[in-house]
Amino acid sequence: MATSLTVVAPRAPALVLDLVADFTCPWSFLGTRRIARALLAVQGLASPPVIRWHGFRLPRVAAPASPWREHLAQRLPAGITVDLAERSLEEAGETLDIRFDFARITTVPDTLHAHRLVLLASGEGLHAAVIDALFRAYFEQGRDIGDLQELRSIGAAQGLSPAALEDFARVSAGSGSGTDLVSDTVVAEELRLRSLGVQNVPNLLLNGHVLVPGPAEVDTYVQALDQVLFPAADTAEAPPRLH
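Residues numbered from 1 in each chain as written. Predicted model: local features only at pLDDT ≥ 70, side-chain atom pairs only at ≥ 80, totals over all residues. Heavy atoms only, no water.

S.K.: Kindly report on unusual backbone geometry, identifying the contributing residues and their values.
M.R.: Glycine aside, the phi torsion of most residues is negative, and most peptide linkages are trans. The residue after Val201, namely Pro202, is reached through a cis peptide bond having omega 0°. Along the chain, Pro202 turns up in the loop between helix H8 (181-195) and strand E3 (203-206). The phi dihedral of Asp97 falls on the positive side, at around 60°, and the residue is not glycine. With respect to the helices, strands and loops of the structure, Asp97 is situated in the loop between helix H3 (82-94) and helix H4 (112-122). A relative accessible area of 52% means that Asp97 is categorised as exposed. (Helix = DSSP H or I, 4+ residues; strand = E, 2+ residues; numbered from the N terminus. Buried < 20%, exposed > 50% of the residue type's maximum accessible area, 1.4 Å probe, protein only.)

As structure tokens, then:
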């Protein structure tokens, strides 16, 4: 009697992605969408991918005449103009269903409270939706994501519970800088990342040992996923973990 053999491929291990990013960084927005595209190529995971957000605030230009353009200019290499960078970002965004509208951006806010909102949303499994909504609010709609009421509205629209929104509203009176436990957690994480040598965003760490630094294309993220899920026999020493 003929016997048929079935080759069973090993099931892919769990996948944990640590993303270091900021909401005033357009390449971070592109990165979230490119990572999502790359994950579509992953099959057979033991469990759904876990994406952990690490807020890392970029330095801001102090009260410039044109805040967004000044903010972008300080991050560009020599020879690249703001106009060229914006056109390039707009073209890249179109392939990822992002409609950058830089003309609508009137401020470069402190993103501490935006990162607080994400941290609170993660407790309810809604951080991915809130992250995307914050990026869209800033880069497509020109909304001030440093404003507490604006942020609370964004959180509510993404389904955060009344309890989470109440926690979000508990910040110091006056300047609104915030000294609550969640703010302290965001600041402490930022300091920890700086101590590990992080200076810019975005950065993606996969399963604690494969690092994709800076902006990357979808193919690069797919290659990194392959390296994590199907590692070679000999692996290099792992860099410091982000989490």
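S.K.: How would you summarise the sheet that holds E3 if you had to cite specific residues and measurements?
M.R.: With mixed pairing, the 4 strands of this open sheet are ordered in space as E2-E1-E3-E4. Each edge of the open sheet is held by one strand with a lone partner, namely strand E2 (50-55) and strand E4 (210-213). Each adjacent strand pair in this sheet contributes to an overall mean axis angle of 15°, direction not counted. Here strand E1 (residues 16-21) runs beside E3; their pairing, made up of 4 bridges, is antiparallel. Across the sheet, residue Asp18 finds its bridge partner in E3, namely Leu205. Each of E1, E3 and E4 is contacted by helix H9 (residues 218-229), which is oriented at about 170° to E4, the strand it contacts most. (Pairing = 2+ DSSP bridges. Axes fitted to C-alpha atoms, helices over the stretch in contact; angles between N-to-C directions. Contact = heavy atoms within 4.5 Å.)

S.K.: Tell me about the pattern of salt bridges, and please be specific about residues and values.
M.R.: The full count for this structure, using the stated rule, is 12 salt bridges. Its salt-bridge partner being Glu217, residue Arg34 comes within 3.6 Å of it at the nearest N-O pair. Within this pair, whereas Arg34 is found in helix H1 (residues 26-39), its partner Glu217 is found in the loop between E4 and H9, the two being separated by 183 residues in sequence. Put simply, Arg57 and Asp110 hold a salt bridge, and the shortest N to O gap is 3.2 Å. (Salt bridge = Lys/Arg side-chain N within 4 Å of Asp/Glu carboxyl O.)

S.K.: Now, about the nonpolar core: what can you tell me, with residues and values included?
M.R.: Phe23, Leu134, Phe139 and Leu206 are the most contacted members of the largest nonpolar core, which has 65 residues in total. At 8 residues, the largest contribution of residues to this core is made by helix H5 (residues 127-139). When residues no more than four places from it in sequence are discounted, the contact partners of Phe23 are Trp53, Thr111, Ala114, His115, Val118, Ile131, Leu134, Phe135, Tyr138, Phe139 and Ile145. (Core = buried A, V, L, I, M, F, W, Y, C linked by side-chain atoms within 4.5 Å.)

S.K.: Go over the side chain of Arg33, please, and point to the residues and values.
M.R.: When you line up the elements, Arg33 lands in helix H1. Under the relative-accessibility criterion, Arg33 is labelled buried at 15%. Among all residues touching Arg33, those that are not within four sequence positions of it are Leu96, Asp97, Ile98, Asp132 and Arg136.

S.K.: For the packing of aromatic side chains, give the residues involved together with the corresponding values.
M.R.: One pass over the structure, following the stated rule, counts 14 aromatic pairs. Ring centres of Phe23 and Phe135 lie 4.9 Å apart, and the angle between their planes is 55°; this geometry places the pair in the tilted category. With Phe23 in the loop between E1 and H1 and Phe135 in helix H5, this pair connects stretches of sequence that are 112 residues apart. By the burial criterion, Phe23 is buried, and Phe135 matches it. Ring geometry for Phe100 and Phe139: centres 5.5 Å apart, planes at 85°, overall edge-to-face. Remark: Phe139 occurs in helix H5 and Phe100 occurs in the loop between H3 and H4; sequence separation between them is 39 residues. With a relative accessible area of 0%, Phe139 lands in the buried category. Connected via pairs of aromatic rings, a cluster forms that spans Phe23, Phe29, Trp53, Trp68, Phe100, Phe102, Phe135, Tyr138 and Phe139. (Phe/Tyr/Trp six-rings, centres within 6.5 Å; stacked < 30°, edge-to-face > 60°.)

S.K.: So, H8: which residues are in play, and what are the values?
M.R.: An α-helical turn contains 3.6 residues, so any two residues separated by three or four positions project in the same direction. For H8, built from 15 residues, the straight-helix expectation of 21 Å at 1.5 Å per residue is met to within 8% by its first-to-last C-alpha distance of 21 Å. Those residues of H8 not exposed but buried are Val182, Ser183, Val186, Glu189, Glu190 and Leu193. Down the axis of H8, the buried side of the element spans an arc of 130°, and every buried residue falls inside it. Residues of H8 that are exposed and point more than 90 degrees away from the buried face comprise Leu181, Leu191 and Ser195. On its buried face, H8 is in contact with E1, E2 and H4. Following H8 by one or two positions, Gly197 has its phi on the positive side, about 100°. (Expected span 1.5 Å × (residues − 1). Arc of directions from axis to C-beta.)

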